[in-house]
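Breakdown of the fold
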Protein chains: 2
Amino acid sequence: MYIGVDLGGTNIAAGVVDEAGKILAEGSVPTGAERPYQEIIKDMADLCKEITKKAGLEISDIRAIGIGSPGTIDNENGVVVYSNNIKMEHAPIAAELQKYINVPVNMENDANAAAMGEYVVNGGDVDSFIFITLGTGVGGGIVLNKKIYRGFNCAGAELGHITLIHNGQPCTCGNNGCWEAYASVTALIRQTKEAIEKNPDSLMAKLAEKEGKVSGRTAFDAAKQGDAAAQAVVDQYIEYVADGLLSIVNIFQPEKLVIGGGISKEGDYLLNPIREYIKKYDYNKYMPRVDISIATLFNDAGIIGAALAAKQ
Amino acid sequence: MYIGVDLGGTNIAAGVVDEAGKILAEGSVPTGAERPYQEIIKDMADLCKEITKKAGLEISDIRAIGIGSPGTIDNENGVVVYSNNIKMEHAPIAAELQKYINVPVNMENDANAAAMGEYVVNGGDVDSFIFITLGTGVGGGIVLNKKIYRGFNCAGAELGHITLIHNGQPCTCGNNGCWEAYASVTALIRQTKEAIEKNPDSLMAKLAEKEGKVSGRTAFDAAKQGDAAAQAVVDQYIEYVADGLLSIVNIFQPEKLVIGGGISKEGDYLLNPIREYIKKYDYNKYMPRVDISIATLFNDAGIIGAALAAKQ
């Protein structure tokens, strides 16, 4: 048995996970991200003990704990080198947790952990697997030969920060034109707002007014109801998503590519035009093609992936 | 001992290569690319025998032959699936060569083979290594854990076909906006010609007139002599190169990144602004940084890399 912990900016979620990636018991507590890391980790340890009990197990049954955390992670030493989200700098999380629970602890970047979770459950044991999340940002993870690919410095797989339009929209990372600046939910909301300003009488504008805000669903919902202005936003957004995926396909030619995050709940409505785009522009015209699908684990991916990365 | 063969559109070059990547004897013959593949491979076999003799060896001393070829290569079966350059389709090259020389034969895409050559000679045994060629096109190869990364279908590592500007310049691959359409020598020549039209009195225009053509060196040469219009071309070109490299760095965070191809002969004049750009925009701000350098093998990389990939 393993424990997987998803250390988020708002909550710490954790689960006891078996070898096959099944969650046996889970729970969560508020992160209280503004506190010193020692206090956060104390709560994390209590949560781990609680869910172990809930699963009918003892801590001695737990072979390892895996933690997925936002930010730059020193995987080798179990340190959060820097995280903007939870305000940590050079925080030795693994060692701190081991003060309370004496089992091996593995730390991963949260997107890498989620990729591992999707891989184990949906990857079908392939040798090359890419996971992309379309959320507040665009994140991703690379699983090659069944292992998370991290780069030599553990800072790799920042798939949202490949260029989509050189010198384009400003990105939160300080660069311009990153894929994330066009394909994240944040970007979709910006694109929707711009289109509403130009089309104040559109259904999209009315939906936004009714809801009191523009969300990542506004344009998709209006487009499905036949709004042409919304359809234009959706078409353009999906093309941005697909063109970034194309770069990743031309680099990796992965056997499987899985798309997760909030927007992935649009399902085939998102997936079909992406598949068509990749089919049309893929540099590979003669060999078997990448299999593209939608993630199925959603929020559990982080817990399961963190646990199974610790298994390694 | 191994033999490495660089099957080019114009010449077949081959060398006897030792375990450490040193060429002991080499030679070349015209490809005659318009001929049936059987005739081309007959000449290749004769060349292999000739250089083996030249190295003072027998064919029984050769443990394997590696061939680097342009196009889509089925590495597992030793087949050129499709090559535009040498007009082959589903050509079983490995089996054909073995009719004449009965040793194991390994086939690689030529850019992958060159990457392997640079890796062995300049890679310093790192676990993550990327090689980029700035030539007629932009090619590349990925060496992870000392092995060529090919993707599940052997069609990966098409690093020139990541997007630099969504819906930008047309690319030879049928897509628009690929990095290759901005960072290849072909693209640099296009950019230089456009600048000459706008600046007919520039030194760059005079150099082109004197040489009777615009080459990949025209803008670089004029810029070094203080021509402002040429400097603008060079600055913009290098920024295109650097931004594509940045995408690759943010994905792989490779320990070493080596730049080859014709343009790489500009050395530090090219390398210094690239290093500055990557330093400034690299998503990784807290962990050790990628080491970027210029290739040293040039034309021999293909022969050495093909031989050493066969060793695997």
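Let us look at the structure shown here. (Residues numbered from 1 in each chain as written. Chains lettered and ligands numbered in written order. Predicted model: local features only at pLDDT ≥ 70, side-chain atom pairs only at ≥ 80, totals over all residues. Heavy atoms only, no water.)

Let's talk about the packing of aromatic side chains
- For the coordinates displayed, the defined rule picks out 15 aromatic pairs over all chains.
- Ring geometry for Phe-252 of chain A and Tyr-149 of chain B: centres 5.9 Å apart, planes at 80 degrees, overall edge-to-face. Of this pair, Phe-252 of chain A sits in helix 8 (residues 228-252) while Tyr-149 of chain B sits in the loop between strand 11 (147-148) and helix 4 (180-183), placing the two residues on different chains.
- For Phe-252 of chain A, a relative accessible area of 0% gives the class buried.
- Ring geometry for Tyr-277 of chain B and Tyr-281 of chain B: centres 4.8 Å apart, planes at 55 degrees, overall tilted. Of the two residues, Tyr-277 of chain B and Tyr-281 of chain B both sit in helix 9 (residues 268-281), four residues apart, roughly one turn of that helix. For the pair Tyr-277 of chain B and Tyr-281 of chain B, one class covers both residues: buried.
- Among the aromatic residues, ring-to-ring pairing joins Tyr-149 and Phe-252 of chain A together with Tyr-149 and Phe-252 of chain B into one connected group.
- If you follow Lys-224 of chain A out to its NZ or CZ, it ends over the ring of Tyr-269 of chain A, 5.0 Å from the centre. (Phe/Tyr/Trp six-rings, centres within 6.5 Å; stacked < 30°, edge-to-face > 60°. Helix = DSSP H or I, 4+ residues; strand = E, 2+ residues; numbered from the N terminus. Buried < 20%, exposed > 50% of the residue type's maximum accessible area, 1.4 Å probe, protein only. Lys NZ or Arg CZ within 6 Å of the ring centre and 35° of its normal.)

Topic: unusual backbone geometry
Residue and element names in this part refer to chain B.
- The residue His-90 is not glycine, and still its phi comes out positive at about 50 degrees.
- Even without being a glycine, Lys-146 presents a positive backbone phi close to 70 degrees.
- Mapped onto the secondary structure, Lys-146 falls in the loop between strand 10 (138-144) and strand 11.

So, the relation of the copies chain A and chain B
- Least-squares fitting of chain A to chain B yields an RMSD of 0.0 Å, with the superposition described by an axial translation of 0.0 Å and a rotation of 180 degrees. What the superposition gives is, in effect, a two-fold axis relating one chain to the other. Residue Ile-165 of chain A of chain A places its C-alpha closer to the rotation axis than any other residue of that unit, at 2.1 Å.
- Taken as a fraction of all interface residues of chain A, those also at the interface in chain B reach 100%, which identifies the copy contact as same-surface. (Least-squares fit on C-alpha atoms with pLDDT ≥ 70 in both. Contact = heavy atoms within 4.5 Å.)

Details of the interface of chain A and chain B
- Listed per partner, the contact involves 49 residues of chain A and 49 residues of chain B.
- At the boundary of chain A with chain B, total buried surface from both sides reaches about 4,300 Å², with 61% on carbon and sulfur atoms.
- Of all residues in chain A, the largest losses of buried area upon contact with chain B belong to Phe-152, His-166 and Ile-251 of chain A, amounting jointly to 18% of the total for that side.
- Where chain A packs against chain B, one counts zero salt bridges.
- The tally of links from chain A across to chain B stands at 28 residue pairs in polar contact (both at pLDDT 80 or more).
- For the side of chain A that touches chain B, the elements supplying multiple residues, two or more each, are strand 5 (72-74), strand 6 (79-83), strand 10 (138-144), helix 8 and helix 9 (268-281) of chain A.
- It is helix 8 of chain A that provides the largest number of residues to the side of chain A that touches chain B, a total of nine residues.
- Tallied by class, the residues present in the side of chain A that touches chain B amount to 26 nonpolar, 16 polar and seven charged. (Buried area = accessible area lost by both parts, 1.4 Å probe. Salt bridge = Lys/Arg side-chain N within 4 Å of Asp/Glu carboxyl O. Polar contact = N/O pair within 3.5 Å; in protein donor to acceptor, adjacent residues only side chain to side chain. Nonpolar A, V, L, I, M, F, W, Y, C, P; charged D, E, K, R; others polar.)

As for the pairing of strand 10 of chain B
Residue and element names in this part refer to chain B.
- Strand 10 sits mainly inside the fold: seven of its seven residues count as buried.
- Burial of strand 10 is two-sided: the residues Val-138, Gly-140, Ile-142 and Leu-144 facing one way and the residues Gly-139, Gly-141 and Val-143 facing the other way are all buried.
- Two elements, strand 9 (residues 128-134) and strand 10, share seven bridges in a ladder whose sense is antiparallel. Bridging across to strand 10, Ser-128 finds its partner in Leu-144.
- As paired strands, strand 10 and strand 11 are joined by two bridges and run antiparallel to one another. Residue pairing for strand 11: Leu-144 is matched across the bridge by Lys-147.
- Counting the residues between successive antiparallel strands, the hairpin from strand 10 to strand 11 contains two residues, one of them, Asn-145, with a positive phi of roughly 50 degrees. (Pairing = 2+ DSSP bridges.)

Things to note about the pattern of salt bridges
- In total, this model carries 24 salt bridges over all chains according to the counting rule given.
- Linking Arg-150 of chain B and Glu-108 of chain B is a salt bridge whose minimum nitrogen-to-oxygen distance equals 2.4 Å. With Arg-150 of chain B in the loop between strand 11 and helix 4 and Glu-108 of chain B in strand 8 (residues 105-109), the pair connects residues that are 42 residues apart, well separated along the chain.
- We note a salt bridge from Lys-224 of chain B to Glu-266 of chain B, for which the minimum N-O separation is 2.5 Å. Separated by 42 residues along the polypeptide, Lys-224 of chain B in helix 7 (residues 218-224) and Glu-266 of chain B in the loop between strand 12 (256-260) and helix 9 bring together distant segments of the chain.
- Salt bridges sharing common partners tie together Glu-19, Arg-63 and Lys-311 of chain A.

Focus on the sheet that holds strand 3 (residues 23-30) of chain A
All names here are of chain A.
- Taken in spatial order, the five strands line up as 3-2-1-4-8 in an open sheet, and their pairing is mixed. Of all the strands in the sheet, the pair left with one neighbour each is strand 3 and strand 8 (105-109). Each strand of the sheet is rotated relative to its neighbour by a mean of 15 degrees, with strand direction disregarded.
- Pairing geometry for strand 1 (residues 2-7) and strand 4 (residues 64-69), over five bridges, is parallel. For Tyr-2, the partnering residue across the bridge sits in strand 4 and is Ala-64.
- Packed onto the sheet, helix 3 (residues 110-122) meets strand 4 and strand 8 and runs at close to 100 degrees relative to strand 8.
- Packed on one face of the sheet, helix 10 (residues 300-311) meets strand 1, strand 2 (11-17), strand 3, strand 4 and strand 8 and runs near 130 degrees to strand 1. (Axes fitted to C-alpha atoms, helices over the stretch in contact; angles between N-to-C directions.)

Structural notes on the sheet that holds strand 11 of chain B
- Here we have five strands laid out as an open sheet, ordered 11-10-9-12-13 (chain B), and mixed in their pairing. Each having just a single partner strand, strand 11 and strand 13 (291-294) of chain B make up the two edges of the open sheet.

A closer look at the environment of Thr-218 of chain B
All names here are of chain B.
- Inspection of the secondary structure assignment puts Thr-218 in helix 7.
- Through-space distance from the C-alpha of Thr-218 to that of His-90 is 40 Å; in sequence the pair is 128 residues apart.
- When sequence neighbours within four positions are dropped, the list of residues in contact with Thr-218 reads Thr-192, Met-204, Leu-207, Ala-208 and Lys-213.

Topic: the nonpolar core
- Ile-132 and Ile-274 of chain A together with Ile-132 and Ile-274 of chain B are the most contacted members of the largest nonpolar core, which has 119 residues in total.
- Apart from residues no more than four positions distant in its own chain, Ile-132 of chain B is found in contact with Val-138, Gly-139, Gly-140, Leu-159, Trp-179, Leu-245, Ile-248, Leu-257, Val-258, Ile-259 and Gly-260 of chain B. (Core = buried A, V, L, I, M, F, W, Y, C linked by side-chain atoms within 4.5 Å.)

With respect to helix 8 (residues 228-252) of chain B
Residues and elements named next belong to chain B.
- Taking 1.5 Å per residue as the helical rise, helix 8 with its 25 residues ought to reach 36 Å, and the 36 Å between its terminal C-alpha atoms agrees with that figure.
- Burial of helix 8 is extensive: 19 of the 25 residues sit out of reach of the surface.
- A positive phi of about 40 degrees marks Gln-253, the residue just after helix 8. (Expected span 1.5 Å × (residues − 1).)

With respect to the environment of Gly-32 of chain A
Residue and element names in this part refer to chain A.
- Within the element layout of this structure, Gly-32 appears in the loop between strand 3 and helix 1 (37-54).
- A residue is classified by how much of its surface remains accessible, and Gly-32, at 21% relative accessible area, is partly exposed.
- For the pair formed by Gly-32 and Asn-11, sequence separation is 21 residues and the distance between their alpha carbons is 7.8 Å.
- Gly-32 has contacts with Thr-10 and Ile-40, leaving out every residue within four places of it along the chain.

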